[in-house]
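Residues per chain, in single letters:
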Amino acid sequence: MSFVGTPRPRPRWHHAHTDLENFAIVSYRVDADALARHLPEDFAPMEAAFGDGPGALVSAVAFRDRDFHFRFLPQASINCGQINYRAYVTAYGKAGVWFFGTRLDHPVVAIPQHLWGMPWRRDHIRIEADWLGTPARWRLESADGRCEAVELPQAPALLDGFTNDSDWLEQLTHPIQGWYRRRDGRVGAYSIWHPVMRPRHLEAAFARFPFFERLGLITPDTPPHSILAQARIPFDIHTPPWRFHPDERPGRRP
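If you look the chain up in an unreviewed UniProt entry, it shows as DUF2071 domain-containing protein from Nonomuraea angiospora.

Pasting the structure below:
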């Protein structure tokens, strides 16, 4: 794998930090035109050439926050389950992810929801994993998603829709820029940083995400395109998010 990640921005006092445990990216192939209908003007799905034709990807990214805290208040840390629902997009020449919504299993959800206008909601989330088993197993239960997955005997030679390992590593596991629809209707933005992910490849014994079904992107029997998982990975979150302006350029934030 030749992808080496991105430079880590200098952590600032107002940023947040967390370790993500039992982390998994459950991705689905979707119709690009159907996805485009849910995106703002000037945002477009990042299309891929799959074996049987073009398409786009969306992901449910589920994990447990371990010791999430703002750097100015490290003693006030939280531990809870979280699920981010996202699509891979481009906007104004920049690649990133469009966040449809987030589910958090903690009352602190009120901060991003009401203070920053983010599409976050409270949900009961249960995530379990056995990384030492043969095969390893991962399990998610929530109101808007359920998945049971086991590790593949060996990693696939290539993920469908990508040209090499660096290609899918960068697109699926390392988007550092995100956008979302604020409660006031405007587009918000935020960014994160984490080291290069070293994922394990899983396959679903069962997977269903009503969140994406309600958007008309998948059906109850749509199988995941891929499941990439890791026991633990550190994240910097460049809080607070900001109102997005089309003239922003890489490096302007955070």
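Novice: Got a minute to help me understand the overall build of the chain in this structure?
Specialist: Looking only at helices and strands, the chain features four helices and 15 strands. Its C-alpha atoms give the chain a radius of gyration of 17 Å, near enough to 18 Å, the size a compact globule of 254 residues would have. Viewed in the frame of its principal axes, the chain has a C-alpha envelope of about 45 × 40 × 35 Å. Across the 254 residues of the chain, 54% fall into the buried class. For the chain, contacts bridging at least 24 residues in sequence account for 69% of all contacts bridging at least 6. As displayed, the chain has an accessible area near 12000 Å², and 51% of this comes from carbon and sulfur atoms. Of the side chains in the chain, 30 bear a positive and 29 a negative charge, and the two mean positions are spaced by 8 Å.

Novice: Just checking my understanding: could you explain the pattern of salt bridges for this structure?
Specialist: Pairing between side chains becomes possible if they bear opposite charge and their charged atoms approach one another. A complete count under the given rule lists 18 salt bridges for this structure. With a shortest N-O distance of 2.9 Å, Arg208 and Glu213 are connected by a salt bridge. Looking at Glu213, the relative accessible area reads 17%, which means it is buried. Taken together, the shared-partner salt bridges connect Arg126, Glu128, Arg139, Glu141, Arg146 and Glu148 into one network.

Novice: Could you clarify how one ought to interpret the packing of aromatic side chains in this entry?
Specialist: Remark: the centre distance and the inter-plane angle together describe each pair of aromatic rings, the angle taken between the planes. All told, the structure shown has 20 aromatic pairs when counted by the stated rule. Arranged with centres 6.4 Å apart and planes meeting at 90°, the rings of Phe43 and Tyr92 form a pair that is edge-to-face. Residue Phe43 is located in strand E2 (residues 43–45), and its partner Tyr92 is located in the loop between strand E5 (78–91) and strand E6 (94–104); the two are separated by 49 residues in the primary sequence. On the basis of relative accessible area, Tyr92 is assigned to the partly exposed category, the value being 37%. Taken together, a centroid distance of 6.0 Å and an interplanar angle of 90° make the contact between Phe211 and Phe212 edge-to-face. Exposure remark for Phe211: the relative accessible area of 9% places this residue in the buried category. Residue Phe212 is classed as buried on the basis of its relative accessible area, which comes to 0%. An aromatic cluster of three or more residues is present, and its members are Tyr28, Tyr85, Phe100, Phe209, Phe211 and Phe212. Of note, Arg146 hangs over the ring of Phe206, and the distance from its end group to the ring centre comes to 4.5 Å.

Novice: Looking at this structure, how should I read a nonpolar patch on the surface?
Specialist: Residues Trp13, Phe72 and Leu73 make up a contiguous nonpolar surface patch of roughly 350 Å² in combined accessible area. Tracing the backbone shows Leu73 in the loop between strand E4 (53–70) and E5. Leu73 gets classed as partly exposed once you look at its relative accessible area, which sits at 33%.

Novice: Is there a simple way to think about helix H3 (residues 165–173) in this case?
Specialist: Listed as buried for H3 are Ser166, Trp168, Leu169, Gln171, Leu172 and Thr173. If you follow the buried residues of H3, they end up packed against strand E1 (16–30), E4, E5, strand E13 (200–208) and strand E14 (226–237). The distance from a side-chain oxygen at the start of H3 to the backbone nitrogen of Ser166 is 3.1 Å, and the residue carrying that oxygen is Asn164.

Novice: Would you mind going over the nonpolar core with me for this structure?
Specialist: Where a protein is soluble and globular, its nonpolar side chains tend to be buried together. Grouped together as the largest cluster of nonpolar side chains are 79 residues, with contacts concentrated most on Phe100, Trp138 and Phe212. The element contributing the most residues to this core is E4, with nine residues. Apart from the residues lying within four places of it in its own chain, the contact partners of Trp138 are Asn22, Ala24, Val26, Ala62, Ile127, Glu128, Ala129, Trp131, Cys147, Glu148, Ala149 and Leu202.

Novice: Got a minute to help me understand empty space enclosed by the protein in this structure?
Specialist: One simple way to see leftover space: roll a probe sized like a water molecule over the atoms. Per the counting criterion, the structure on display carries two cavities of 30 Å³ or more. What the largest cavity holds in volume is close to 550 Å³. Lining the largest cavity are 37 residues, with Gln82, Asn84, Trp120, Tyr190 and Ile237 sitting closest to its centre. Elements represented by at least two residues in the lining of the largest cavity include exactly E1, E4, E5, E6, helix H2 (110–115), strand E11 (177–181), strand E12 (187–193) and E14. The leading source of residues in the lining of the largest cavity is E4, at five residues. Counted as a void, the second largest cavity has a volume near 30 Å³. The greatest single-element share of the lining of the second largest cavity, amounting to three residues, is contributed by E6. The class makeup of the residues in the lining of the second largest cavity is six nonpolar, two polar and no charged.

Rules used in this analysis
- Residues numbered from 1 in each chain as written.
- Predicted model: local features only at pLDDT ≥ 70, side-chain atom pairs only at ≥ 80, totals over all residues.
- Heavy atoms only, no water.
- Helix = DSSP H or I, 4+ residues; strand = E, 2+ residues; numbered from the N terminus.
- Rg over C-alpha atoms; globule rule 2.2 N^0.38 Å.
- Buried < 20%, exposed > 50% of the residue type's maximum accessible area, 1.4 Å probe, protein only.
- Contact = heavy atoms within 4.5 Å.
- Areas by Shrake-Rupley, 256 points an atom, 1.4 Å probe, with all protein chains shown as cover.
- Lys, Arg positive; Asp, Glu negative; His and termini not counted.
- Charge placed at Lys NZ, Arg CZ, Asp CG, Glu CD.
- Salt bridge = Lys/Arg side-chain N within 4 Å of Asp/Glu carboxyl O.
- Phe/Tyr/Trp six-rings, centres within 6.5 Å; stacked < 30°, edge-to-face > 60°.
- Lys NZ or Arg CZ within 6 Å of the ring centre and 35° of its normal.
- Patch = residues over 30% accessible without salt bridge, like charges linked within 9 Å, V, L, I, M, F, W, Y side chains within 5 Å.
- Polar contact = N/O pair within 3.5 Å; in protein donor to acceptor, adjacent residues only side chain to side chain.
- Core = buried A, V, L, I, M, F, W, Y, C linked by side-chain atoms within 4.5 Å.
- 1 Å grid on protein atoms, 1.4 Å probe; cavity = no way out; pocket = protein on both sides within 12 Å on 5 of 7 lines; lining within 4 Å.
- Points joined across faces, edges and corners; volume = space filled by probe spheres on them.
- Nonpolar A, V, L, I, M, F, W, Y, C, P; charged D, E, K, R; others polar.

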